[in-house]
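Descriptive structure summary
What follows is each chain in one-letter form.
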Amino acid sequence: MRRNLPPKPPAADASPTETHIWRTLKLLFPYLWQYRGRMLLALSCLVGAKLANVGVPLVFKKMIDGMTPGQQMLALPAGLLLLYGALRFSTSLFTEFREIFFARVTQQAVRRIALEVFRHLHALSLRFHLERQTGGVSRDIERGTRSISALISYTLYSILPTLVEVSLVLGILITKYDAVFALITAVSLTAYVVFTVAVSNWRIGIRRAMNDTDSAANTRAVDSLLNYETVKYFNNEEYEARRYDEQLRKWEDAATTSQVSLSWLNLGQQAIIATGVTAMMWRAASGVVEGTMSIGDLVLVNAFLIQLYVPLNFLGVVYREIRQALTDIERMFDLLTVNREVADAPDALSLPTGPLEVSFDTVAFAYDKERPILQDLSFTIAPGRTVAVVGHSGAGKSTLARLLYRFYDVGGGQLRIGGHDIRQLKQSSLRAAIGIVPQDTVLFNDTIGYNIRYGNPDASDAQVQEAARAAQLHEFIAQLPQGYEARVGERGLKLSGGEKQRVAIARALLKNPPILIFDEATSALDSQTEKAIQGSLENAARGRTTLVIAHRLSTIMDADEILVMDAGRIVERGKHAELLASEGAYAHMWLLQQEEESHA
Ligand SMILES: Nc1ncnc2c1ncn2[C@@H]1O[C@H](COP(=O)(O)OP(=O)(O)O)[C@@H](O)[C@H]1O
Ligand SMILES: [Mg+2]
């Protein structure tokens, strides 16, 4: 059954097309070209090994001719015997030296490419990462890098040596004997290769069908067993077995076809070889009978043929592996061609040091075009001042922080820092200028000290402790058996929400940036700890341009301006007292919270 292929089949074993193969090789080439010196050495070793290999039958022929009755030798052919041994050894010597020269090239290409993909993934937008599964991406990298080694070794250790050997043998046959020998060899080799590639291409489809039916059968079995109880409730064991067997029968067909096709492949290959060898030996034997060739020549031709066909036996496997490797590498390189949604302008600027003004100028933004999130949003935070934002969950408050960090570009209007549109700034400079305590904190699976120091990897132990003190975290850490060396578990799951939040506060303080964002920075804390930290946060905010996204209004009473957001728009703005006096949404929220607190 033929299916129409979708534009880009996502299956892992999808086969690459010719243009894709060239594109992949072109991308890979620069990494290898950097080591052209070593590559040249490795290639000379390869040629050396093959020269030695081809030399063996030549020496062997000389010895045989020397010992043929009628041309009695006077002594043992000591020189030839030693040469024979030396040539055999040089084959391995050159082969191993090729490996010695080339090992680093392959591994370093793997390293560089893996690193480049990693850097690129970090440069891609948040949007990309929210949509892709990290597990899938890392599998693509892993398979891609592994395939680079496979591709290089199959090419360098299988294809190229065979090509060199074939040309050497053809050259010797042409120069030493008549061209008919070379012709027979060339024709049978070509037939062999064409046949193998054609049959292998056909078999790739068969193998894929076999793998697909295998997974399908497996999925059915697992799903059925997971529903063990349901199957019993409805007494449907027979029904389940029948459904499973349906899939198994498909698999049986596919697996049989695969097995049979392999036998046909082998048979066809051997038939071609047998025909070629017979024709050659026929020709050589006639030569001996006619007296134009010696027994040694006969042995030589036979040895060449056997030597040539041994590596060819692997051709089917090598061909399939190379195709698979190219597919995997292509998938990895595909990641590299995902465009950066947010990229530095060529003439991007760096921010000056010192306090900076932040201003949103009629900003509009949407994650998806169909659903606008922010609309016509304007406000300015003067250098060193504090603006607070309040509003319901989903109003778009955290989105303001994501835009400031330039995880996304605004859809309309402008976002300026220090008077520059942030799209004109270097992203590294922009992000260095901002410290954030995010709404949700995820920690690295390392020690608590490491996680705090992440705010400034160069900080001294004393600075780390100072930041921890300001975040009301030092005492908690001090009573841990391992102190700052205590591990926080995956994503920081061994810490409570409030402890994680205080780690986030400590590392934002340690970063010591001119702009601070607190996104509900104390929401996970009890009100007592919150009060204790509040002082530190106010201290930290002094002299810095600060955006506070608040959940508890009592924490922002002193802000220079308070914005009330609803559905992506600013619906009220002013100082605390003004907003209370105007008796709008803010005043309402304030009353509700006061009431809650008096009941608490
Ligand atoms: N990556 C995203 N893709 C699509 N929609 C998003 C994304 N992140 C947030 N949103 C939506 O944007 C709206 C505003 O989110 P956010 O700024 O986090 O609100 P909040 O005011 O609670 O901090 C929400 O309705 C949310 O569902
Ligand atoms: Mg939020």
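Residues numbered from 1 in each chain as written. Chains lettered and ligands numbered in written order. Predicted model: local features only at pLDDT ≥ 70, side-chain atom pairs only at ≥ 80, totals over all residues.

Considerations on the overall build of the chain
When its secondary structure is counted, the chain shows 19 helices and ten strands. Since a compact globule built from 600 residues should have a radius of gyration of about 25 Å, the 37 Å found for the chain marks it as more spread out than a globular shape. Oriented by its inertia axes, the alpha-carbon framework of the chain measures out at about 125 × 65 × 50 Å. Put simply, of all contacts in the chain between residues at least 6 apart along the chain, 77% involve residues at least 24 apart. (Helix = DSSP H or I, 4+ residues; strand = E, 2+ residues; numbered from the N terminus. Rg over C-alpha atoms; globule rule 2.2 N^0.38 Å. Contact = placed C-beta atoms within 7 Å.)

Overview of the site of ligand 1
In the region of ligand 1, the neighbouring residues are Leu130, Tyr367, Asp368, Ile373, Gly391, Ser393, Gly394, Ala395, Gly396, Lys397, Ser398 and Thr399. Contributing elements (two or more residues each) for the shell around ligand 1: strand E1 (358-368) and helix H11 (397-404). Tallying contributions element by element places H11 first for the shell around ligand 1, with three residues. (Near = placed C-beta within 6 Å.)

Here we look at the sheet that holds strand E4 (residues 412-417)
Sheet architecture is open: four strands sit in the order E2-E1-E4-E5, paired in antiparallel fashion. Only two strands of the sheet have a single partner each, and these edge strands are strand E2 (371-381) and strand E5 (420-421). With two bridges joining them, E4 and E5 adopt antiparallel strand pairing. Across the sheet, the residue bridging to Arg416 is Asp421, located in E5. (Pairing = 2+ DSSP bridges.)

Re the sheet that holds strand E3 (residues 386-391)
Overall, mixed pairing links the six strands, which are arranged E6-E7-E8-E3-E9-E10 in an open sheet. Taken across any chain shown, the strands that pair with only one partner, and hence form the sheet edges, are strand E6 (434-437) and strand E10 (569-574). The sheet shows a mean angle of 20° between the axes of neighbouring strands, direction not considered. Of the strand pairs in this sheet, E6 and strand E7 (residues 515-519) are connected by four bridges, and their pairing is parallel. By the bridge assignment for E7, Ile436 is matched with Ile517. Those strands touched by H11 are E3, E6, E7, strand E8 (545-549) and strand E9 (561-566), and its axis lies near 150° from that of E7. The strands that helix H16 (residues 497-511) touches are E6 and E7; relative to E6, the one it contacts most, it runs at about 170°. (Axes fitted to C-alpha atoms, helices over the stretch in contact; angles between N-to-C directions.)

Digging into the packing of helix H2 (residues 36-67) against helix H9 (residues 295-312)
At their nearest, the axes of H2 and H9 sit 8 Å apart, and the two run at 160° to each other. With respect to their mutual orientation, H2 and H9 come out roughly antiparallel. The element H2 and its partner H9 pack so that their crossing is right-handed. Residue-level contacts link Asn53, Pro57, Leu58, Phe60, Lys61, Lys62, Ile64 and Asp65 of H2 to Ile295, Gly296, Asp297, Val299, Leu300, Ala303, Phe304 and Gln307 of H9. Across the contact of H2 with H9, the residue classes break down as nine nonpolar, three polar and four charged. (Parallel < 35°, antiparallel > 145°, perpendicular 65-115°, else oblique. Left-handed = near helix turned anticlockwise from the far one by under 90°. Nonpolar A, V, L, I, M, F, W, Y, C, P; charged D, E, K, R; others polar.)

Structural notes on the confidence of the model for the chain
Reading fine detail from the predicted coordinates is not recommended where pLDDT is low. Of the residues in the chain, 94% have a pLDDT of 70 or more, and the chain-wide mean is 86. Note on residues 1-14: pLDDT is under 50 here. Beyond four places in sequence and across chains, it has five contacts. (pLDDT = per-residue confidence, 0-100.)

Topic: the pairing of E10
Bridging between E9 and E10 involves five bridges; their strand directions are antiparallel. Paired with Val564 across the strands is Glu572, a residue of E10. Remark: two residues form the turn of the hairpin made by E9 and E10, two consecutive strands paired antiparallel; Ala567 in that turn has positive phi of roughly 50°.

Some words on the domain arrangement of the chain
Split by domain assignment, the chain resolves into domain 1 (17-174 + 321-341), domain 2 (178-292) and domain 3 (355-433 + 552-600). Relative placement of domain 1 and domain 3: their C-alpha centres are 59 Å apart. (Domains from an automatic or database assignment.)

Brief notes about the pairing of E7
Counting buried positions along E7 yields five of five residues, so the element is predominantly enclosed. Alternating residues of E7 divide into Ile515, Ile517 and Asp519 and Leu516 and Phe518, and every residue in both groups is buried. In this sheet, E8 lies alongside E7 in parallel orientation, the contact comprising five bridges. Bridge assignment links Ile515 to a residue of E8, and that residue is Thr545. As for the winding sense of the linkage, the β-α-β connection from E7 through helix H17 (residues 527-541) to E8 is right-handed. (Buried ≥ 20, exposed ≤ 12 C-beta atoms within 10 Å, placed from the backbone. Right-handed = clockwise from strand over helix to strand, strands pointing away.)

Some points on unusual backbone geometry
One non-glycine residue, Thr362, lies in positive phi territory at about 40°. Tracing the chain through its elements places Thr362 in strand E1. Backbone geometry places Glu520, a non-glycine residue, at a positive phi of 45°. Mapped onto the elements of the fold, Glu520 is located in the loop between E7 and H17.

Considering the environment of Val437
Its location among the elements puts Val437 in strand E6. C-alpha separation for the pair Val437 and Ala504, spaced 67 residues apart in sequence, amounts to 5.6 Å. Here Val437 is in contact with Ala504, Ile505, Ala508, Phe518, Asp519 and Ala521, once residues within four sequence places are set aside.

Focus: H11
Among the eight residues that make up H11, six are buried, leaving the element largely enclosed by the rest of the structure. Among the residues of H11, those classed as buried are Lys397, Thr399, Leu400, Ala401, Leu403 and Leu404.

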